[in-house]
Amino acid sequence: MAKHRFQNYVCRPYCMFFKDGQKEEMSCRGAEEVERLVQQGSVDPANMPTLRKEPAVWEKHKDVLGDRVCRTCAFFPGDCDFQGGEEVEGAEPCGGFILLALWYESGLIRMTDLE
Ligand code: SF4
């Protein structure tokens, strides 16, 4: 799958940290996991419903997704305000985490789908 497509459906719409021209190796674990699920056919981004960013959803799944995804992320914990351990007002997770939380909440994926 082309990189620009991946950035179009996960980074650009959902990630407040994304900047055009960002190097691919800057990917967070959340984005890598989204890409893995798409590549194995678990979710088809071309046919997924429009999902709006909702803080209540990412807060609801913060701990369980934190255990399954964030603990192996290069940005965890020091460079991620959302999972850094201290409350940072208004801190948002990366776009990959947001999309995983929305997919889980919508029933598109199960926790057992995550590596
Ligand atoms: S929310 Fe933070 S720690 Fe979790 S995958 Fe995203 S950048 Fe990494």
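Residues numbered from 1 in each chain as written. Predicted model: local features only at pLDDT ≥ 70, side-chain atom pairs only at ≥ 80, totals over all residues.

Looking at the overall build of the chain
Argument step 1. Of regular secondary structure, the chain possesses five helices and zero strands.
Argument step 2. For the chain, whose C-alpha radius of gyration is 13 Å, the value lies close to the compact-globule estimate of 13 Å for 115 residues.
Argument step 3. Taking the principal axes of the C-alpha coordinates as reference, the chain spans close to 35 × 30 × 25 Å.
Argument step 4. Out of the 115 residues belonging to the chain, those deemed buried represent 29%.
Argument step 5. Long-range pairs, those at least 24 residues apart, make up 76% of the contacts in the chain with a sequence separation of at least 6. (Helix = DSSP H or I, 4+ residues; strand = E, 2+ residues; numbered from the N terminus. Rg over C-alpha atoms; globule rule 2.2 N^0.38 Å. Buried ≥ 20, exposed ≤ 12 C-beta atoms within 10 Å, placed from the backbone. Contact = placed C-beta atoms within 7 Å.)

Some remarks on the nonpolar core
Argument step 1. The biggest cluster of nonpolar side chains holds 24 residues, and the ones touching the most others in it are Val 10, Phe 97, Ile 98, Leu 99, Leu 100 and Ala 101.
Argument step 2. Mapped by element, the contributors of at least two residues to this core are helix H1 (3-14), helix H2 (29-39) and helix H5 (95-106).
Argument step 3. Beyond its immediate sequence surroundings of up to four residues, Leu 100 is in contact with Gly 30, Glu 33, Val 34, Leu 65 and Val 69. (Core = buried A, V, L, I, M, F, W, Y, C linked by C-beta atoms within 7 Å.)

Some details on the packing of H2 against H5
Argument step 1. Following both chains from N to C, one finds H2 and H5 inclined at 50°, their axes separated by 6 Å at the closest point. With respect to their mutual orientation, H2 and H5 come out oblique. Here H2 and H5 pass one another in a crossing that is left-handed. On H5, the residues touching Gly 30, Ala 31, Glu 33 and Val 34 of H2 are Gly 95, Gly 96, Phe 97, Leu 99 and Leu 100.
Argument step 2. Taken together, the residues of the contact of H2 with H5 break down into five nonpolar, three polar and one charged. (Axes fitted to C-alpha atoms, helices over the stretch in contact; angles between N-to-C directions. Parallel < 35°, antiparallel > 145°, perpendicular 65-115°, else oblique. Left-handed = near helix turned anticlockwise from the far one by under 90°. Nonpolar A, V, L, I, M, F, W, Y, C, P; charged D, E, K, R; others polar.)

Section: the site of the ligand
Argument step 1. Close to the ligand lie 15 residues; Cys 70, Cys 73, Cys 80, Pro 93 and Cys 94 are nearest.
Argument step 2. At the level of secondary structure, the elements contributing two or more residues to the shell around the ligand comprise H2 and H5.
Argument step 3. Split into classes, the residues belonging to the shell around the ligand amount to eleven nonpolar, three polar and one charged. (Near = placed C-beta within 6 Å.)

A word on H2
Argument step 1. Listing the buried residues of H2 in full gives Arg 29, Gly 30, Ala 31, Glu 33, Val 34 and Leu 37.
Argument step 2. Looking one or two places after H2, you find Gly 41, whose phi comes out positive at around 90°.

Keep in mind that these numbers describe shape and distance, not what the molecule does.
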